[in-house]
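Residue-level listing of the chains:
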Amino acid sequence: MQLNFIDNYPVSSMSMRSIPVIDPSDGLVFDDIQHSDAQDIDAAVQSARGCFEGPWSRLSAAERGRLLQRLSARVAEHADELALLEQRDCGKPTKQARADVAALVRYFEFYAGACDKLHGETLPYQSGYSVFTWREPHGVTGHVIPWNYPMQIFGRSVGGALAAGNCCVVKPAEDACLSILRVAQLAADCGFPPGAINVVTGFGHEVGQALAEHPGVDHISFTGSPRVGTLIQQTAAKRHCPVTLELGGKSPQIVFADADLDAALPVIINAIVQNAGQTCSAGSRVLVEQAIYQPLLERLGQAFAALRVGPAGMDLDVGPLIRAGQKKRVTDFLAEARRDGIRTVAEGEIVAEAPAGGYYQAPVLLADVPVQHRLAQEEVFGPVLAAMPFRDEDHAVELANATRFGLVAGVWTRDGGRQLRMARRVRSGQVFINNYGAGGGVELPFGGYKSSGYGREKGFEALYGFTVLKTVAVRHG
Ligand code: NAD
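Residues numbered from 1 in each chain as written. Predicted model: local features only at pLDDT ≥ 70, side-chain atom pairs only at ≥ 80, totals over all residues. Heavy atoms only, no water.

> What am I meant to see in the packing of aromatic side chains here?
We describe a pair of aromatic rings using the distance from one ring centre to the other and the angle between the two ring planes. Overall, the coordinates contain nine aromatic pairs when judged by the stated rule. A centroid spacing of 5.0 Å and a plane angle of 70 degrees characterise the contact between Phe256 and Phe390, whose relative ring orientation is edge-to-face. Remark: Phe390 occurs in strand E18 (residues 384-390) and Phe256 occurs in the loop between strand E12 (252-255) and helix H10 (261-273); sequence separation between them is 134 residues. Side by side, Phe256 and Phe390 carry an identical accessibility label, which is buried. Residues Phe460 and Tyr464 carry aromatic rings whose centres are separated by 6.0 Å and whose planes lie at 75 degrees to one another, so their mutual orientation is edge-to-face. Its relative accessible area of 26% is what places Phe460 among the partly exposed residues. (Phe/Tyr/Trp six-rings, centres within 6.5 Å; stacked < 30°, edge-to-face > 60°. Helix = DSSP H or I, 4+ residues; strand = E, 2+ residues; numbered from the N terminus. Buried < 20%, exposed > 50% of the residue type's maximum accessible area, 1.4 Å probe, protein only.)

Below you can see the structure in the form of structure tokens.
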């Protein structure tokens, strides 16, 4: 049984109810988390407020940095344990689970180093004045986290908020709480004061909603679906609470005929099968210049047919999807594609050892997907790649920008002028030229255009979102 983590202690929810935790690799229950409600959120917010007004605000920026650095080291020491936990809880193949822990280590390390480099400016003004700015923390920050990369998103969001001087209340997704609860305990073990990091588990419409509504929360960082992002925004707007929204994507990989296809091919495949396609920045569309469309489809098809899907512990190319409902979502999309006559070029293979109760989906490559079709417009959030041809640069830009999203894009070409023209014209928060980072490194600001959200997380840029700028004007004559 997993408990909430409030004021540096594991505590039961006030409702005393629980939610079963299921292993996506076999569909069996192996643990429970707390089914919390608004009262638990209130206790966590009070704890965070007490910490913010007490021990946390007395620490210097360098001391906050040292604590984050210690947490980074502690997470690294517990890397195997955390990776196994994540593998069981989320169905991540071993390599992916380990990569997620490594990213968490880096987030804490990066933000540890950033704490004492965040500062205001002095500004020219009328004579007889000195004017300067301070970057102040919001106070208590709320963090609503999705299930697809719990550790990574916890690291980037909570790491940045703590570095900027805030105290945090975290609401993980009901399907993926275990690693986050464990990291909160590790933080307490290495000296974070009670209330700096609180974690409350439960369902989004109850606990997430309560967090967004709570008058003691000064900023909300939400990562998740566009639908829930709208709800959070509406709720927070009633009390003018600032919100950062990291939402979905339908990110294109744009391949010109002059591209280095040997380099592009494995990257294009990884960008859609990583984490079984359950990645906000998955490269879920591949736009290919007409002259190489058929040959590239053939090569992609051969590679897709060789992909193997199985239990997380087998560490194959693809693990299970997170839950039964997610599998149904993906199979419904594929049924729609079949009904509308969209051509399947190739499918991967689910291995015989995969337990019948697991949520497995073979990767699928679809060709000639019409630009207005739902498969080309909406997130499947599964290992499904939609291919379509383009005529020239203008047409490539038109297709790339033809969805409501704008999170990440990949451009594959050897032509330097075209690389920069494409980077300018594609409307997305990140553009990768001759590579694809699926969100990129810890150092790179990340976020959306259009319905992919607003505000930026990751990198130094995120710290501006976790602070409020105050201007001080001193008249001294
Ligand atoms: P989701 O929106 O269903 O849930 C995200 C979080 O919101 C969960 O913790 C959930 O419990 C909570 N929630 C649900 N309903 C709520 C409500 N009414 N009020 C407050 N909180 C509520 O998303 P998901 O299915 O967990 O994650 C997948 C989505 O997240 C995809 O759309 C994906 O693209 C997006 N995502 C975006 C990024 C990014 O950085 N842009 C990263 C990862 C995932």
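> For this particular structure, what's the right way to read the environment of Val472?
With respect to the helices and strands, Val472 occurs in strand E22 (residues 467-475). Through-space distance from the C-alpha of Val472 to that of Phe132 is 5.4 Å; in sequence the pair is 340 residues apart. Setting aside residues no more than four positions away along its own chain, Val472 makes contact with Ser130, Val131, Phe132 and Trp134. (Contact = heavy atoms within 4.5 Å.)

> Would you take a moment to explain the side chain of Asp89 for this structure?
On the secondary structure map, Asp89 appears in helix H4 (residues 79-90). One polar contact links the side chain of Asp89 to the main-chain amide nitrogen of Cys177, over a distance of 3.3 Å. Among all residues touching Asp89, those that are not within four sequence positions of it are Val21, Ile22, Pro24, Phe30, Asp175, Ala176, Cys177, Leu178 and Ile322. (Polar contact = N/O pair within 3.5 Å; in protein donor to acceptor, adjacent residues only side chain to side chain.)

> Explain the domain arrangement of the chain to me, please; I cannot follow it from the model alone.
One frequent convention defines the size of an interface as the accessible area lost when the parts assemble. Taken domain by domain, the chain holds domain 1 (4-247 + 454-475) and domain 2 (252-442). For domain 1 versus domain 2, the separation of C-alpha centres amounts to 30 Å. Listed as interface residues are 27 residues of domain 1 and, on the opposing side, 32 residues of domain 2. Summing both partners gives a buried area of about 2,300 Å² for domain 1 against domain 2, and 53% of it is carried by carbon and sulfur. Per-residue buried area on domain 1 facing domain 2 is highest for Pro24, Ser25 and Trp147; these three make up 24% of the total on that side. (Domains from an automatic or database assignment. Buried area = accessible area lost by both parts, 1.4 Å probe.)

> When you look at the nonpolar core in this model, what are you seeing that I'm missing?
Within soluble globular proteins, side chains that are nonpolar generally end up buried alongside one another. Ranked by internal contacts, the top residues of the largest apolar core, which has 79 residues, are Val75, Phe154, Phe192 and Ile197. At eleven residues, helix H5 (residues 94-114) tops the list of elements feeding residues into this core. Ignoring sequence-local partners within four residues, the contact set of Phe154 consists of Leu104, Phe108, Ile145, Gly159, Val170, Ile180, Val183 and Ile197. (Core = buried A, V, L, I, M, F, W, Y, C linked by side-chain atoms within 4.5 Å.)

> I tried to follow the site of the ligand on my own but got confused; where do I start?
Lining the immediate surroundings of the ligand are 31 residues, of which Arg156, Lys171, Ser225, Leu247 and Glu379 lie closest. Within the side chain of Ser225, a nitrogen or oxygen atom sits 2.6 Å from an oxygen atom of the ligand. Here Leu247 contributes a backbone N or O atom positioned 2.6 Å from a nitrogen atom of the ligand. The protein chains hide 91% of the 850 Å² of surface that the ligand would expose on its own. Elements represented by at least two residues in the shell around the ligand include exactly helix H6 (150-163), helix H8 (204-213), strand E10 (219-223) and helix H9 (226-237). Structurally, the shell around the ligand is a two-domain feature, drawing no fewer than three residues from each of domain 1 (4-247 + 454-475) and domain 2 (252-442). (Near = heavy atom within 4 Å. Areas by Shrake-Rupley, 256 points an atom, 1.4 Å probe, with all protein chains shown as cover.)

> I would appreciate a short explanation of H9 in the present structure.
Structural remark: α-helix, 3.6 residues per turn; residues separated by three or four positions point the same way. End to end, H9 covers 16 Å across twelve residues, agreeing with the expected 16 Å (1.5 Å per residue, within 8%). Taken together, the buried positions of H9 are occupied by Pro226, Gly229, Ile232, Thr235 and Ala236. Contacts made by the buried residues of H9 are with strand E7 (140-144), H8, E10 and strand E11 (243-246). (Expected span 1.5 Å × (residues − 1).)

> So what exactly am I meant to see when it comes to the pattern of salt bridges here?
In a structure, side chains of opposite charge can pair up when their charged atoms sit close to one another. Enumeration over the complete set of coordinates arrives at 23 salt bridges. We note a salt bridge from Arg106 to Glu443, for which the minimum N-O separation is 2.8 Å. Within this pair, whereas Arg106 is found in helix H5, its partner Glu443 is found in the loop between strand E20 (430-433) and strand E21 (453-454), the two being separated by 337 residues in sequence. Look at Arg106 and you get partly exposed, because its relative accessible area is 29%. (Salt bridge = Lys/Arg side-chain N within 4 Å of Asp/Glu carboxyl O.)

> Help me understand the environment of Met1, please; the structure alone is not making it clear to me.
Mapped onto the elements, Met1 comes out in the segment before strand E1 (4-6). With 31 residues separating them in the primary sequence, Met1 and Asp32 have C-alpha atoms 4.9 Å apart. Ignoring any residue separated from it by four or fewer positions in sequence, one finds Met1 in contact with Ser18, Asp31, Asp32 and Gln34.

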